[in-house]
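Below, each chain spelled out in residue letters.
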Amino acid sequence: MITTKKITIPPRFKIAYSKPTYAREWTRYGVQAKAPEYLLQMAAGSDHVIAATHGGVTEIYVRKSSVAA
């Protein structure tokens with residue numbers, strides 16, 4: 001198993017939640033429409049959600065929505 005201190009997230013993704021392994025509560029970044037538990041389930045089969053754990057911290061990233069101006 002290879003572990004790194006930093007992961008590279010593809011462009012067009014933003015962080016939605018993070019949680020250290022010792023914590024009970026998720027830290028939310030911005031306004032999120034979905035709960036972290038739901039996003040973790042979606043990450044297994046969706047191209048719009050990435051869940052990654054590194055350095056004892058689990059982070060959930062979601063694809064940025066493109067808004068037409």
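As shown above, the structure is provided for reference.
**Student:** Tell me about the pairing of strand 3 (residues 49-54), and name the residues and values.
**Tutor:** The side chains of a regular strand alternate, first on one face of the sheet and then on the other. Pairing of strand 3 with strand 4 (residues 57-63) involves six bridges; the strand directions are antiparallel. Bridge pairing in strand 4 links His 54 to Val 57. Taking the residues between adjacent antiparallel strands as the criterion, strand 3 and strand 4 are bridged by two residues, where Gly 55 takes a positive phi near 60 degrees.

**Student:** Describe the side chain of Ser 46, and please don't skip the residues or the numbers.
**Tutor:** Turning to its location among the elements, Ser 46 is positioned in the loop between helix 1 (36-43) and strand 3. Assessed through its relative accessible area of 18%, Ser 46 is described here as buried. Among the polar contacts listed, one links the side chain of Ser 46 to the backbone nitrogen of His 48, at a separation of 3.0 Å.

**Student:** Please set out unusual backbone geometry residue by residue, giving values where relevant.
**Tutor:** The phi dihedral of Arg 12 is positive, around 75 degrees, even though this residue is not glycine. Considering the arrangement of structural elements, one finds Arg 12 in the segment before strand 1 (13-20).

**Student:** Give a description of the sheet that holds strand 3 that names residues and reports values.
**Tutor:** The strand order across the open sheet built from four strands is 2-1-4-3, with neighbouring strands paired in antiparallel fashion. Where the open sheet ends on each side, the last strands, each with one partner, are strand 2 (27-28) and strand 3. The sheet strands contacting helix 1 are strand 1, strand 3 and strand 4, and the helix crosses strand 3 at an angle near 100 degrees.

**Student:** Describe the nonpolar core, listing the residues and the values that go with them.
**Tutor:** Counting residues in each nonpolar core, the largest one holds seven residues, listed as Ala 16, Tyr 17, Trp 26, Leu 39, Val 49, Ile 60 and Val 62. Of all elements in the fold, only strand 1 and strand 4 reach the threshold of two or more residues within this core. Once residues within four sequence positions are removed from consideration, Trp 26 is found in contact with Tyr 17, Ser 18, Lys 19, Pro 36, Glu 37, Leu 40, Thr 58 and Ile 60.

Reading the values: the criteria
Residues numbered from 1 in each chain as written. Predicted model: local features only at pLDDT ≥ 70, side-chain atom pairs only at ≥ 80, totals over all residues. Heavy atoms only, no water. Pairing = 2+ DSSP bridges. Helix = DSSP H or I, 4+ residues; strand = E, 2+ residues; numbered from the N terminus. Buried < 20%, exposed > 50% of the residue type's maximum accessible area, 1.4 Å probe, protein only. Polar contact = N/O pair within 3.5 Å; in protein donor to acceptor, adjacent residues only side chain to side chain. Contact = heavy atoms within 4.5 Å. Axes fitted to C-alpha atoms, helices over the stretch in contact; angles between N-to-C directions. Core = buried A, V, L, I, M, F, W, Y, C linked by side-chain atoms within 4.5 Å.

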